[in-house]
Amino acid sequence: YNTYTQQSPFYHIDSKSQFSVSEPPSWSLRIEGKVGDDFGSAIDSAPRTSQRTHKRKFSSFLKKMFVEIGPNGNDVIEWDRSQSSGDSDGFEVKRQGSQEVDVKILLYIDYSPPRVKLSSALASVLSMDTETRPRIINALWTYIKANHLIDPNDRKLVKCNDLLKSVLGGSDTVPFTQIPQLLREHMSPPEPLELNYRVHLSGDPRDNEQQWDLQIEMDDQIPPTATTSAASNGFKREITTCDETINA
């Protein structure tokens, strides 16, 4: 939400200089985050300390945040958690101005355990977009087994169908030990969550309050990986090595 001041001209006389001085118009953007059901109007609600003492603060879920102000994003504010002295439940951006403006907020989530974004080719094989590396390895192994792609003559080789060829270099067969390096090319950092907001400079600030419901999966919500159960028939070691190599 945002608040604003002095959007109508205001003048006073400086007693020392005897000149007419105008207070510049300004606005303030407040970005807040709350966990679970701790919601409500951020403008006039009192903090519910009894419900918040055990909950993580908003900034603890973020690696970075960018706030881009204006149509061209020339005015950019960056917050980096690694350079922050502590966590907080919100951020405030103040600017002078009398023009309503669009703001883009980019939230880079600090996923725990870490996640990666899959390339379009790998995503089409595994039906995933952003996931943890262990889950990607487990899903690939499940796909290989379900499609009977283990070479019966050499069980350390994976036979590639057309979809796997697009991911694993185009070869008809691939040694399992080469898969980690080939998968690296199909993993990248997750894209930020993008929120768009317009700073309003008239009316009741309560009417301009905007909320988003963001679901962020963290380590206490993730069940134990099924890698070990999936790694049967002597492939447990290969899958573990694959996972460790990708994380290296």
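Quick caveat: nothing in here was measured; it's all calculated off a predicted structure.

Peer 1: Got a sec to walk through the sheet that holds strand E6 (residues 75-80)? Specific residues and values, please.
Peer 2: As summarised here, the arrangement of the 4 strands in space is E6-E5-E8-E14, forming an open sheet in which the pairing is antiparallel. Since the sheet does not close on itself, it has two edges, and those belong to E6 and strand E14 (193-199), each with one partner. Each strand of the sheet is rotated relative to its neighbour by a mean of 15°, with strand direction disregarded. The pairing of strand E5 (residues 62-69) with E6 spans 6 bridges and is antiparallel.

Peer 1: Requested: an account of helix H3 (residues 133-146), with residues and values cited.
Peer 2: Between the first and last C-alpha of H3 there are 20 Å, a value that for 14 residues agrees with the 20 Å anticipated at 1.5 Å per step. Among all positions in H3, only Ile136, Ile137, Asn138, Ala139, Leu140, Trp141, Tyr143 and Ile144 are buried. Backbone geometry just downstream of H3 places His148 in the positive-phi region, at approximately 55°.

Peer 1: Go over the side chain of Thr130, please, and point to the residues and values.
Peer 2: Tracing the backbone shows Thr130 in strand E10 (residues 130-132). A distance of 3.1 Å separates a polar atom in the side chain of Thr130 from a polar atom in the side chain of Asp129. When near neighbours in sequence (up to four residues on either side) are disregarded, Thr130 contacts Arg115, Val116, Lys117, Leu118 and Pro190.

Peer 1: Before we move on, can you summarise the nonpolar core with the specific residues and values?
Peer 2: One finds Leu126, Ile136, Ile144, Leu164, Leu168 and Leu183 to be the most contacted residues of the largest nonpolar core, which totals 28 residues. Mapped by element, the contributors of at least two residues to this core are strand E9 (115-118), helix H2 (120-126), H3, helix H4 (162-167) and helix H5 (179-184). Ignoring sequence-local partners within four residues, the contact set of Leu164 consists of Val125, Leu140, Tyr143, Ile144, Leu149, Val158 and Lys159. Formed by 21 residues, the second largest nonpolar core is a distinct cluster that contains Trp27, Phe58, Met65 and Trp79.

Peer 1: An account of the pairing of strand E8 (residues 101-109) is needed here, citing residue identities and associated values.
Peer 2: Pairing of E5 with E8 involves 7 bridges; the strand directions are antiparallel. Residue pairing for E8: Glu68 is matched across the bridge by Lys104. Summarising the sheet, E8 and E14 pair through 7 bridges and their orientation is antiparallel. Residue Leu106 lies in a different strand from E14, and its bridge partner there is Glu194.

Peer 1: Before we move on, could you go through the confidence of the model for the protein and cite the residues and values that matter?
Peer 2: Per-residue pLDDT for the protein has a mean of 81; in total, 73% of the residues score no lower than 70. Ignoring residues within four places in sequence, the model shows residues 41-53, a span with pLDDT below 50, making 20 contacts including any to other chains. Scored below 50 in pLDDT, residues 221-235 makes 26 contacts in the model with residues more than four places away or belonging to other chains.

Peer 1: Tell me about the pattern of salt bridges, residues and numbers included.
Peer 2: With the rule as written, the count across this model stands at 12 salt bridges. The residue Glu32 makes a salt bridge to Arg30 at a minimum N-O spacing of 3.0 Å. Residue classification places Arg30 among the partly exposed positions, given a relative accessible area of 25%. The partner of Lys165 in a salt bridge is Asp172, with the nearest N and O atoms 2.9 Å apart.

Peer 1: Pulling in residues and values, what's your account of the packing of aromatic side chains?
Peer 2: Using the criterion set out here, one finds 4 aromatic pairs in the structure. Considering the side-chain rings of Phe58 and Phe91, the 6.0 Å spacing of their centres and the 70° angle between planes classify their relative orientation as edge-to-face. Remark: Phe91 occurs in strand E7 (residues 90-96) and Phe58 occurs in the loop between helix H1 (49-52) and E5; sequence separation between them is 33 residues. Here Phe58 and Phe91 have matching classes, each one buried.

Peer 1: Which residues make up the sheet that holds strand E4 (residues 26-32), and what values do they have?
Peer 2: The strand order E1-E4-E7 describes an open sheet built from 3 strands, whose pairing is antiparallel. This sheet does not close on itself; its edge strands, each paired only once, are strand E1 (2-5) and E7. Each strand of the sheet is rotated relative to its neighbour by a mean of 15°, with strand direction disregarded. One ladder, built from 4 bridges, connects E1 with E4; its direction is antiparallel. Note on E4: the bridge partner recorded for Thr3 is Ser28.

Peer 1: Please give an account of the environment of Tyr111 that cites residues and values.
Peer 2: Summarising the element assignment, Tyr111 is placed in the loop between E8 and E9. Classification of Tyr111 by relative accessible area gives buried; the value is 17%. Along the primary structure Tyr111 and Glu131 are separated by 20 residues, whereas in three dimensions their C-alpha atoms are 9.8 Å apart.

Cut-offs and rules
Residues numbered from 1 in each chain as written. Predicted model: local features only at pLDDT ≥ 70, side-chain atom pairs only at ≥ 80, totals over all residues. Heavy atoms only, no water. Pairing = 2+ DSSP bridges. Helix = DSSP H or I, 4+ residues; strand = E, 2+ residues; numbered from the N terminus. Axes fitted to C-alpha atoms, helices over the stretch in contact; angles between N-to-C directions. Expected span 1.5 Å × (residues − 1). Buried < 20%, exposed > 50% of the residue type's maximum accessible area, 1.4 Å probe, protein only. Polar contact = N/O pair within 3.5 Å; in protein donor to acceptor, adjacent residues only side chain to side chain. Contact = heavy atoms within 4.5 Å. Core = buried A, V, L, I, M, F, W, Y, C linked by side-chain atoms within 4.5 Å. pLDDT = per-residue confidence, 0-100. Salt bridge = Lys/Arg side-chain N within 4 Å of Asp/Glu carboxyl O. Phe/Tyr/Trp six-rings, centres within 6.5 Å; stacked < 30°, edge-to-face > 60°.

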